[in-house]
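Architecture at a glance
Residues per chain are reported as follows:
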Amino acid sequence: MSDGRVTGESAPPASEIVTADDVADAHERLDGVVHRTPLDSSRTIADRCGAERVDLKLENVQRTGSFKIRGAYNAMAQLPESVRERGVVASSAGNHAQGVALAGDLLDIDTTIVVPEITPAVKIDATRGYGADVVVEGDLYEESYEHALRLAEDEGLEFVHPFDDAAVIAGQGTVGREIAADAPGVDAVLVSIGGGGLISGIATAMQARDPDVRVVGVQPEGAAHAKPSLEADEIRMLSEVDTVAEGIADARLLERTFAVVRDRVDDVVSVDDTDLAVATTVLAERAKTVTEPAGAAPVAALLSGAVDVEDERVAAVVSGGNVGLSEHAELTRVGMQALGRAVEARLELDGWPATLGDLSEAVAASGAELDSVERAARTASDAPNRVPVEIRLDGSGPDHLADALDSLSALGGVEVVSHSLDERSGDSTEPFESS
């Protein structure tokens, strides 16, 4: 497999790949096909990061649950009739799959989608629901990508690239065109980076409207390939990726996106997976919006301080919301704990279930919420005459939860053996104001 290495000297000029006129043409082509998604202002997030204003561009409420329909439809609508009759093939971790599948349904083009085994079932089911033939192949996206290319060659299908395609980039750029129209005077736009198609399109649109607007990319630490590539002035490919954000778990930029990102993107920052969980939690609780980890990355950069936006007007692109309910629940559990809003504790009780009533009353009196309680597997360190129990408490912050644990320790017959309140949860857990 080629490493796709392109140096700064050999990369084509961004102006030869995609222009603002291409984005404008895509905007007309997509009129009536995609939703013009809202900008939702969040005072909560603005207060936390010190910005004058933060607007969330909610592409998680786009058709198919992400921005991907924009680029897929724009590319497929321009295919010659002879190509349409043969059909198209694409590779995707989920969102591009749904975009291509829906575009195929709207344009009457047969679609085959190759997805890696890590793709969430909710995305596979949705893709099949749009009429696509889904093939699960490969542990990683790169393996699915290579398999899709082989299918294209063997069966004479047109390959619709998820990001390294001028028409796809132009379609994604319509997100930036809408931001520029709906948020005049914005100082910075934050965008997730996987393969770089979305940020390439947005940067193209924003630069044409106002060259002073900063466009900042956000990647998970476990898939942070863009910054090293820009610093080296050549595409750098990661040997492995490791992040909860499977939607942006790409290993590299490719020729076109590298050229556009290098020319038009101002900076790239990274966040860790816990930052993504915190952002997912805050978006659910305060912005009342469900997002997948990849879509939460720009908000994670704001909340974690990865990017300085003091007194600026910011637009953060929430790029997708295709996440299973169980995964979302797990993410918010991690986020609540990282925020100091939840604690898991191991107790030893004199009796079971006799002591549970006193324990529940003490939690209620403290104002905390007993989220779960269950007997724990006994270990060698547990006192043989006591019952090990694991509980989870929810509260307003680490101080509140510490007080609740103290109230349990003061009970007769209850000992708090260990708990999960840590240094991280105490760093940024002052109560959130309402949005």
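Look above for the structure.
I will try to describe carefully the structure that is included in this document. Here the structure is a predicted model, which means the values were calculated and not measured.

Reading guide: rules and limits
- Residues numbered from 1 in each chain as written.
- Predicted model: local features only at pLDDT ≥ 70, side-chain atom pairs only at ≥ 80, totals over all residues.
- Heavy atoms only, no water.
- Helix = DSSP H or I, 4+ residues; strand = E, 2+ residues; numbered from the N terminus.
- Rg over C-alpha atoms; globule rule 2.2 N^0.38 Å.
- Buried < 20%, exposed > 50% of the residue type's maximum accessible area, 1.4 Å probe, protein only.
- Contact = heavy atoms within 4.5 Å.
- Areas by Shrake-Rupley, 256 points an atom, 1.4 Å probe, with all protein chains shown as cover.
- Lys, Arg positive; Asp, Glu negative; His and termini not counted.
- Charge placed at Lys NZ, Arg CZ, Asp CG, Glu CD.
- Pairing = 2+ DSSP bridges.
- Axes fitted to C-alpha atoms, helices over the stretch in contact; angles between N-to-C directions.
- Parallel < 35°, antiparallel > 145°, perpendicular 65-115°, else oblique.
- Nonpolar A, V, L, I, M, F, W, Y, C, P; charged D, E, K, R; others polar.

Focus on the overall build of the chain
For the chain, the helix and strand inventory stands at 16 helices and 14 strands. Whereas a compact globule of 435 residues would reach a radius of gyration of roughly 22 Å, the chain reaches 24 Å, a difference of no more than 12%. Seen through its principal axes, the chain has C-alpha atoms that stretch 80 × 50 × 40 Å. In the chain, which comprises 435 residues, the proportion classed as buried is 57%. When contacts within the chain are restricted to residue pairs at least 6 apart in sequence, those whose partners lie at least 24 apart make up 74%. Total accessible area on the chain is roughly 17,600 Å²; 43% of this is exposed by carbon and sulfur atoms. Where the 35 positive side-chain charges of the chain centre and where its 80 negative ones centre are 3 Å apart.

Re the sheet that holds strand β5 (residues 133-136)
The strands making up a sheet are joined through hydrogen bonds of the backbone, oriented either antiparallel or parallel. Reading across the sheet, the 4 strands line up as β5-β4-β3-β6 and stay open at both edges, with parallel pairing between neighbours. Edge positions in the sheet fall to β5 and β6 (158-159), since each has one partner strand and no second. The pairing of strand β3 (residues 88-91) with strand β4 (residues 111-115) spans 4 bridges and is parallel. Pairing of Val 89 across the sheet is with Thr 112, part of β4. Across the sheet, helix α5 (residues 95-107) lies against β3 and β4, angled at about 175 degrees from β4, the strand it touches most. Sitting on the sheet, helix α7 (residues 141-155) touches β3, β4, β5 and β6, and the angle it makes with β3 is about 165 degrees.

Let's talk about the sheet that holds strand β7 (residues 188-192)
Strand order in the open sheet formed by 6 strands is β1-β2-β10-β7-β8-β9, and the pairing between neighbours is mixed. Edge strands, defined here as strands with exactly one partner in the open sheet, are β1 (39-41) and β9 (267-271). Averaged over neighbouring strand pairs, the angle between their axes works out to 25 degrees when direction is ignored. Note that β7 and strand β10 (residues 313-318) share 3 bridges and pair parallel. Paired with Val 189 across the strands is Ala 315, a residue of β10. Helix α12 (residues 273-285) contacts β2 (53-58), β8 (214-220) and β9 of the sheet and is inclined by roughly 90 degrees relative to β9.

Quick notes on the packing of helix α1 (residues 20-30) against helix α8 (residues 166-182)
Two packed helices can be described by the angle between their axes and the distance between those axes. At a closest axis distance of 8 Å, the pairing of α1 and α8 adopts a crossing angle of 90 degrees. As judged from the angle between their axes, α1 and α8 are roughly perpendicular. In this structure, α1 uses Asp 22, Val 23, Ala 24, Ala 26, His 27 and Leu 30 to contact α8, whose residues at the interface are Ala 170, Gly 171, Gly 173, Thr 174 and Arg 177. The residue makeup of the contact of α1 with α8, split by class, is 5 nonpolar, 4 polar and 2 charged.

Observations concerning the environment of Arg 128
Counting through the fold element by element, Arg 128 comes out in helix α6 (residues 121-129). The exposure class of Arg 128 is partly exposed, given its relative accessible area of 42%. Spatially, the C-alpha atoms of Arg 128 and Pro 38 are 27 Å apart, while their sequence positions differ by 90 residues.

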